[in-house]
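# Structural characterization, general
Here's the letter readout for the chains.
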Amino acid sequence: IKWVDEIVPGAPYVTTLETLDKYNCDFCVHGNDITLTVRMLLMTKAHHSVEVTLDYQQHRDNLSKDAGGRSPWTGVSQFLQTSQKIMQFASGKEPAPGDTIIYVAGAFDLFHIGHIDFLEKVHSMAEKPYVILLHFDQEVNHYKGKNYPIMNIHERTLSVLACRYVAEVVIGAPYSVSADLLDHFKVDLVCHGKTD
């Protein structure tokens, strides 16, 4: 994460004054995490469809409307994207002369350490890298199946923008890399994982 300077492994979930003193912290901040549990528990084949099946409706009602469904671990996420949120996460920097513009396509669903390792390797491929990630939704749903992506495009955009190896995100780009796309972003290098 681009705002993190040091990591303390095994820190307690509930932060104590002793912990803050031990690591010389001035402030303690706790994130308002995006709730994904309900989506992962549902994983019905209709959670991206316009039509709502009876199976999906019953599971959704069970997880989000009863008294036990109002906890932060099982409630339905009310995440709403705003331009202000994107601006807070974005670097705001345009490519500078001499930057190597690197294009990486992917869904980056449930952003994890494998994604970070890959992006770190991509970032290390140039002296002055400017990494652009491209997101697509319908294509992910088409090639991975109706259960995917679990996170919506807005949640994935902020997850990826929080990574220190990423300079820019293009939201809703096409799956296929075209000459026009590469020319538009002045791409010098395209990187991808081992996929078909």
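Residue positions within a chain follow its written sequence, with the count starting from 1. Note on the predicted model: pLDDT of at least 70 is required for a residue's local features to be given, and 80 or more for side-chain atom pairs to be given and counted; whole-chain, interface and lining totals, by contrast, use all residues. Water and hydrogen atoms play no part in the side-chain values, which are based on all heavy atoms of the structure.

What follows covers the packing of aromatic side chains. Only rings of Phe, Tyr and Trp enter the pairing, Trp through its six-membered ring, and a pair is recorded when the two centres are within 6.5 Å. The plane angle decides the type: under 30 degrees is stacked, over 60 is edge-to-face, the rest tilted. Counted under the stated rule, the structure contains 2 aromatic pairs. Relative to F89, the ring of W3 has its centre 5.3 Å away and its plane inclined at 90 degrees; by these criteria the two rings are edge-to-face. Taken together, the residues W3 in the segment before α1 (17-22) and F89 in helix α4 (residues 83-89) connect sequence positions 86 residues apart. Overall, W3 belongs to the partly exposed group, its relative accessible area being 46%. Arranged with centres 6.2 Å apart and planes meeting at 50 degrees, the rings of F108 and F111 form a pair that is tilted. Exposure is judged per residue with a 1.4 Å probe applied to protein chains only, and the accessible area is read against the type maximum: over 50% gives exposed, under 20% gives buried, and values in between give partly exposed. By relative accessible area, F108 is classed as buried at 6%. Only runs of H or I of at least four residues qualify as helices and only runs of E of at least two qualify as strands under DSSP, and these elements are numbered from the N terminus.

In this section: helix α5 (residues 113-123). Within α5, the full set of buried residues consists of H115, L119 and V122. The arc enclosing the buried residues of α5, seen along the axis, measures out at 55 degrees, which places them on a common side. Facing away from the buried side of α5 by over 90 degrees, the exposed positions are I113 and K121. Here a residue-residue contact requires only that any non-hydrogen atoms of the pair lie within 4.5 Å. Elements in contact with the buried residues of α5: β1 (100-105), β2 (129-134) and β4 (189-191). For this quantity, the arc is that covered by the directions from the helix axis to the C-beta atoms.

By definition, a salt bridge exists where a carboxyl oxygen of Asp or Glu is found within 4 Å of a side-chain nitrogen of Lys or Arg. According to the stated counting rule, one finds 1 salt bridge in the structure shown. K128 is the salt-bridge partner of D99, the closest N and O atoms lying 3.7 Å from each other. Within this pair, whereas D99 is found in the loop between α4 and β1, its partner K128 is found in the loop between α5 and β2, the two being separated by 29 residues in sequence.

Strand pairing is assigned whenever DSSP identifies at least 2 bridges connecting the two strands. Pairing in this open sheet of 4 strands is parallel, and the strands run β3-β2-β1-β4 from one edge to the other. Single-partner strands in this sheet number two, and they are β3 (168-170) and β4. In this sheet, adjacent strand axes meet at a mean angle of 25 degrees when their direction is disregarded. The sheet contact formed by β1 and β4 spans 3 bridges and is parallel. Bridging from a neighbouring strand, I102 pairs with L189 of β4. The axes used here are C-alpha line fits, helices contributing only the stretch in contact, and every angle between their N-to-C directions lies in the interval 0 to 180 degrees.

This part covers a nonpolar patch on the surface. Patch criteria: residues need more than 30% relative accessible area and no salt bridge. Like-charged residues are merged within 9 Å; nonpolar side chains of Val, Leu, Ile, Met, Phe, Trp and Tyr are merged within 5 Å. Note on areas: these come from Shrake-Rupley sampling with a 1.4 Å probe, and a residue is covered only by the protein chains present in the view. There is a patch of nonpolar side chains on the surface, built from I1, W3, V4 and I7 and spanning about 430 Å² of accessible area. One can find I7 in the segment before α1. For I7, a relative accessible area of 68% translates into the label exposed.

Now for unusual backbone geometry. If a residue is not glycine, its phi is most likely negative; likewise, a peptide bond is most likely trans. With a phi angle near 55 degrees, N24 is a residue other than glycine that sits in the positive phi range. Within the fold, N24 resides in the loop between α1 and α2 (37-42). We classify N24 as exposed; its relative accessible area is 67%. Backbone geometry at L110 places phi at a positive 50 degrees, although glycine is not the residue there. By the secondary structure assignment, L110 is in the loop between β1 and α5. A relative accessible area of 26% means that L110 is categorised as partly exposed.

Nonpolar core, defined: a set of buried Ala, Val, Leu, Ile, Met, Phe, Trp, Tyr and Cys residues in which side-chain atoms within 4.5 Å join the residues together. Counting 15 residues, the largest nonpolar core has I102, V104, L119, L133 and V166 as its most contacted members. When residues of this core are traced back to their parent elements, those giving at least two are β1, α5, β2 and α7 (153-161). Apart from residues lying up to four places away in sequence, L119 is in contact with V104, F108, F111, L133, C163, Y165 and V166. Listed in part, the 10 residues of the second largest apolar core include I101, Y103, L134 and L181.

Below, the discussion takes up α7. Helical periodicity: at 3.6 residues per turn, an α-helix aligns residues three or four positions apart in one direction. Counting buried residues in α7 gives 8 out of 9 residues, a clear majority hidden from the surface. Within α7 the residues assigned to the buried category are I153, E155, R156, T157, L158, S159, V160 and L161. Under this definition, polar contacts are N or O atom pairs within 3.5 Å; protein pairs additionally need one hydrogen-donor-capable and one acceptor-capable atom, and for neighbouring residues in sequence, both atoms have to be side-chain atoms. At the N-terminal boundary of α7, the capping side chain belongs to N152, with an oxygen 2.9 Å from the backbone nitrogen of H154.

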